[in-house]
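These are the residues of each chain, in order.
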Amino acid sequence: MKLQEYINDMKPDFHKLYGGKYEFDLGQSEAHIDLTLGAATKYIQGLALSGKLNEIQNLATQGSMAMQESPYYKELLKEVTNSYYGLTWESNRKEGLAKDVLGFILDGLKHRFQAGGYSADRSGIMAFLGLDMGVLGKMGGMFSKFFR
């Protein structure tokens, strides 16, 4: 999947920007990006299976600042924060880490999306992510009746 390639390319930059703030070595920074990506992917897959492709489109194209008022962003933030169960930090600090990682990832993906010249519609989003729209569209339609 292209998404993993994009994230892997961004990992060293995250560490340069935030490693000192959280007192992480490079491996810890990368591990928390992976945890974040895992939780975010699970959440986004749930959106896709429930037929909420417009919400995925918004997450992929609006960047972190525009998304912060979205109930989907807030749910995503909660899922990511819960994925840091190995950290013994207080919840506010975990949430701060989640906001930083998510913001970094969403803004990085927005930049790559725009630089790649993808169209801001479902087919462009799916091409950017390396997903087959035909299969995903059928699955979303099939499962959406269970999540209304």
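Whatever comes next refers back to the structure up there.
Since this is a predicted model, take the numbers as computed values, not measurements.

**A word on the packing of helix α5 (residues 71–82) against helix α6 (residues 91–115)**
Part 1 of the argument: Running from N to C, α5 and α6 point in directions that differ by 120 degrees, and their axes come no closer than 9 Å. Taken as axis vectors, α5 and α6 run oblique relative to one another. In the crossing of α5 with α6, the sense of the turn from one axis to the other is right-handed. Contacts between α5 and α6 involve Tyr73, Leu76, Leu77, Val80 and Thr81 from the former and Lys94, Glu95, Ala98, Lys99, Leu102 and Leu106 from the latter.
Part 2 of the argument: Its residues placed into classes, the contact of α5 with α6 shows seven nonpolar, one polar and three charged.

**What about helix α2 (residues 26–49)?**
Part 1 of the argument: Its 24 residues give α2 an end-to-end C-alpha distance of 34 Å, which sits within 8% of 34 Å, the value for a rise of 1.5 Å per residue.
Part 2 of the argument: Along α2, the positions that sit buried rather than exposed are Ser29, His32, Ile33, Thr36, Leu37, Ala39, Ala40, Tyr43, Leu47 and Ala48.
Part 3 of the argument: The backbone nitrogen of Gly27 lies 3.1 Å from a side-chain oxygen of the residue at the head of α2, namely Asp25.
Part 4 of the argument: Gly51 sits one or two residues past α2 and shows a positive phi near 80 degrees.

**Some thoughts on the nonpolar core**
Most often, soluble globular proteins have nonpolar side chains that are buried together.
Part 1 of the argument: The biggest cluster of nonpolar side chains holds 33 residues, and the ones touching the most others in it are Ile7, Val80, Tyr84, Leu97, Val101, Ile105 and Leu109.
Part 2 of the argument: Counting residues per element, the ones that place at least two in this core are α1 (2–22), α2, α5, α6 and α7 (122–129).
Part 3 of the argument: What Ile7 contacts, discounting residues up to four positions off in sequence, is Ile33, Leu37, Ile105 and Leu109.

**Details of the pattern of salt bridges**
Part 1 of the argument: Evaluation of the coordinates by the stated rule reveals five salt bridges.
Part 2 of the argument: A salt bridge links Arg112 to Asp9, with the nearest nitrogen and oxygen atoms 3.8 Å apart. Taken as a pair, Arg112 in helix α6 and Asp9 in helix α1 lie far apart in primary sequence, 103 residues in all.
Part 3 of the argument: The exposure class of Arg112 is partly exposed, given its relative accessible area of 27%.
Part 4 of the argument: The salt bridge partner of Lys11 is Asp34, with a shortest N-O separation of 2.7 Å. Within this pair, whereas Lys11 is found in helix α1, its partner Asp34 is found in helix α2, the two being separated by 23 residues in sequence.

Procedures and definitions
- Residues numbered from 1 in each chain as written.
- Predicted model: local features only at pLDDT ≥ 70, side-chain atom pairs only at ≥ 80, totals over all residues.
- Heavy atoms only, no water.
- Axes fitted to C-alpha atoms, helices over the stretch in contact; angles between N-to-C directions.
- Helix = DSSP H or I, 4+ residues; strand = E, 2+ residues; numbered from the N terminus.
- Parallel < 35°, antiparallel > 145°, perpendicular 65-115°, else oblique.
- Left-handed = near helix turned anticlockwise from the far one by under 90°.
- Contact = heavy atoms within 4.5 Å.
- Nonpolar A, V, L, I, M, F, W, Y, C, P; charged D, E, K, R; others polar.
- Expected span 1.5 Å × (residues − 1).
- Buried < 20%, exposed > 50% of the residue type's maximum accessible area, 1.4 Å probe, protein only.
- Polar contact = N/O pair within 3.5 Å; in protein donor to acceptor, adjacent residues only side chain to side chain.
- Core = buried A, V, L, I, M, F, W, Y, C linked by side-chain atoms within 4.5 Å.
- Salt bridge = Lys/Arg side-chain N within 4 Å of Asp/Glu carboxyl O.

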